[in-house]
Amino acid sequence: MSRFTGKTVLVTGGNSGIGLAAAQAFAAEGARVVITGRDSTTLAAAKATLGERALAVQNVAGTVAAARELARTLDAEGIRLDAVFINAGVAKFAPFPDVTESLWDETFDSNVKGAYFQIQALLPLFNRGASIVLNGSINAHIGMPASSVYAASKAALNTFAKTLSAELLPRGVRVNVVSPGPVTTPLHVKLGLDADTAAAMQSQIPLGRFGTSEEIAATVLHLASSESAFIVGTEIIADGGMSQL
């Protein structure tokens, strides 16, 4: 397929996991892809998989300054955007009595403030008919212990999809959310899930397995393409039935 031929797409946090899978899927369907990431080494490696037209920008999501700097960089390159996947963020967990102010601030800065002000900064660069996809989580819907801060940050994105869609529709811009369940990504490795914890989590998934980054990417591309033009301000949950059955 070539749904994105002649289109330019930005994937924040596109240097690994779901972000990289989405960037590769966009590129495979003809898009010029721009990715961001914190780590220069993984960013360069990711760019090498996306073709010579790809652009990689080192950027740490979570501040207004970083959001504006990314927008200035893209504008200087003459880039106008047809789709954006807001994927950059952090996932840190702690039992309620152990939550610190620093964990709260890092989570909300990266996942909420970063997403909100990145969209704001990019507004002048959106082509009419552009699509914004936010990376949410089923944690916004389930009461998983130790996830209170992370879950709240992802719940905020669901409200952004509705309120920002309402405001941006006159510009022809849609906002939607993809909310993955447990997915096998480098992030889960970083979280240090041991075999027992992983097995217990997997047992709660009706499909009997974790998802893949590529499966989430397929939903991202659907929401970013014109085939989903009638889907506005909503959330698609991709969790193997974990929060649904």
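Further up the page is the structure itself.
Every value quoted in this text rests on a predicted model; they were computed, and no experiment measured them.

Is there a simple way to explain helix 1 (residues 17–28) in this structure?
Two residues of an α-helix separated by three or four positions point the same way, owing to the 3.6 residues in each turn. When the terminal C-alpha atoms of helix 1 are compared, their 17 Å separation across 12 residues agrees well with the 16 Å that a helix rising 1.5 Å per residue should span. Directly after helix 1, the chain includes Gly30, whose backbone phi takes a positive value near 100°.

In this structure, what is going on with the packing of aromatic side chains? I would like to understand it.
Geometry of an aromatic ring pair is reported as the spacing of the ring centres plus the angle between the planes. What the rule picks out here adds up to five aromatic pairs. Members of the aromatic cluster, connected to one another through ring pairs, are Tyr116, Phe117 and Phe160.

Help me out: how do you make sense of the packing of helix 1 against helix 8 (residues 213–224) in this one?
Packed helices, taken two at a time, are described by the angle between their axes plus the distance between the axes. Interaxial distance between helix 1 and helix 8 falls to 8 Å at its minimum, and their mutual angle equals 55°. By the angle between their axes, helix 1 is oblique relative to helix 8. Handedness of the crossing formed by helix 1 with helix 8: right-handed. On helix 8, the residues touching Gly17, Ile18, Ala21, Ala22, Ala25 and Phe26 of helix 1 are Ser213, Glu214, Ile216, Ala217, Val220, Leu221 and Ala224.

Please clarify how the sheet that holds strand 4 (residues 81–86) should be interpreted in this entry.
Within a sheet, each strand pairs with its neighbour through backbone hydrogen bonds, oriented either parallel or antiparallel. What the seven strands build is an open sheet, ordered 3-2-1-4-5-6-9; its pairing is parallel. Strands at the two margins of the open sheet, each flanked by one partner only, are strand 3 (55–58) and strand 9 (235–238). This sheet shows a mean twist of 15° between the axes of neighbouring strands, independent of strand direction. Contacting strand 1 (8–11), strand 2 (32–37), strand 3 and strand 4, helix 3 (residues 64–76) crosses the sheet at an angle of about 150° to strand 3.

What is the right way to look at unusual backbone geometry in this model?
With the exception of glycine, the majority of residues adopt a negative phi angle, and the majority of peptide bonds are in the trans configuration. If you check the backbone angles, Ala146 has positive phi at about 75° while not being a glycine. In this structure, Ala146 sits in the loop between strand 5 (126–135) and helix 5 (148–168). Under the relative-accessibility criterion, Ala146 is labelled partly exposed at 30%.

Calculation criteria
- Residues numbered from 1 in each chain as written.
- Predicted model: local features only at pLDDT ≥ 70, side-chain atom pairs only at ≥ 80, totals over all residues.
- Heavy atoms only, no water.
- Helix = DSSP H or I, 4+ residues; strand = E, 2+ residues; numbered from the N terminus.
- Expected span 1.5 Å × (residues − 1).
- Phe/Tyr/Trp six-rings, centres within 6.5 Å; stacked < 30°, edge-to-face > 60°.
- Axes fitted to C-alpha atoms, helices over the stretch in contact; angles between N-to-C directions.
- Parallel < 35°, antiparallel > 145°, perpendicular 65-115°, else oblique.
- Left-handed = near helix turned anticlockwise from the far one by under 90°.
- Contact = heavy atoms within 4.5 Å.
- Pairing = 2+ DSSP bridges.
- Buried < 20%, exposed > 50% of the residue type's maximum accessible area, 1.4 Å probe, protein only.

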